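# Architecture and fold: a report
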Amino acid sequence: MAHQHPPRFLKIVDDARSRIRETNVDEVKNRLDRGDKFLIVDVREESEFAKDHIPGAIHLGKGVIERDIEAKVPGLDTEMILYCGGGFRSALAADNLQKMGYTNVISMDGGIRGWREKSFPLTKD
């Protein structure tokens, strides 16, 4: 069930989406299945990540990603696909990473909710 977000939040998400690249759940799954090399980053809260996440994902919550990204991902051209619950927080995070100079950041529209709806694999490890 999709969460009803407030209009001012949706306005800043739409603004961010005008500047970022997005992909969808099916494309990310296809790329993982092919063995494509990219970093998958979960930007949800730590408690959400601990519950379950996409296999191989690293956790950099939206609240700290801008502070911690340079230590975890020093290469500005590293391909990263960010995801959250539905694709809103990941869009905002992708926009900020681009402002920091990262050139290959993609937000996964649909987020983990879309991933779950398709019964794609999840892990707690």
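Just above, that's the structure.
What this report covers is the structure whose coordinates are included nearby. Nothing here was measured: the structure is a model prediction, and the numbers come from that model. Throughout, a residue's number is its position along its own chain's written sequence, starting from 1. In keeping with the model being predicted, local features are shown solely for residues with a pLDDT of at least 70 and side-chain atom pairs are shown and tallied solely at 80 or more, while totals for entire chains, interfaces and linings include all residues. Excluding hydrogens and water, the side-chain figures rest on all heavy atoms present in the structure.

## Points about unusual backbone geometry
Most peptide bonds take the trans form, and the phi angle of most residues other than glycine is negative. Counted only if it meets this: Secondary structure elements are defined from DSSP: runs of H or I of at least 4 residues count as helices, runs of E of at least 2 residues count as strands, and each element is numbered from the N terminus. Only protein chains enter the calculation, and the probe is 1.4 Å; a residue is then buried if its accessible area is under 20% of its type maximum, exposed if over 50%, and partly exposed in between.
Phi is positive for Ser 119, which is not a glycine, with a value near 60°. Structurally, the position occupied by Ser 119 is in the segment after α6 (111–117). On the accessibility criterion, Ser 119 (65% relative accessible area) is exposed.

## A closer look at the sheet that holds strand β5 (residues 105–109)
Rules: Paired strands are those between which DSSP finds at least two bridges. Residue contacts follow a heavy-atom distance rule, with two residues in contact if any of their heavy atoms lie within 4.5 Å. Every axis corresponds to a line fitted to the C-alpha atoms, with the helix fit spanning only the stretch in contact, and the corresponding angles, defined between N-to-C directions, vary from 0 to 180 degrees.
Spatially, β1-β5-β4-β2-β3 is the arrangement adopted by the 5 strands of the open sheet, whose pairing is parallel. One side of each edge strand has no neighbouring strand; the edge strands of this open sheet are β1 (21–24) and β3 (58–59). As judged from the 4 bridges shared by strand β2 (residues 39–42) and strand β4 (residues 80–83), these two strands associate in the parallel manner. When the sheet's bridge partners are listed, Ile 40 is paired in β4 with Ile 81. Running over the sheet, helix α2 (residues 25–34) touches β1, β2, β4 and β5 and is turned about 80° from β1.

## Remarks on the side chain of Arg 44
Selection criterion: A 3.5 Å cut-off defines polar contacts: any pair of N or O atoms within that distance qualifies, except that in protein one atom must be a possible hydrogen donor and the other a possible acceptor, and neighbouring residues in sequence count only when both atoms are side-chain atoms.
In this structure, Arg 44 sits in the loop between β2 and α3 (46–51). Arg 44 sits in the buried class, given a relative accessible area of 3%. Within polar-contact distance, the side chain of Arg 44 engages the side chain of Asp 42 at 2.7 Å. When residues no more than four places from it in sequence are discounted, the contact partners of Arg 44 are Phe 49, Asp 52, His 53, His 59, Gly 61, Tyr 83, Cys 84, Gly 85, Arg 89, Ile 112 and Arg 116.

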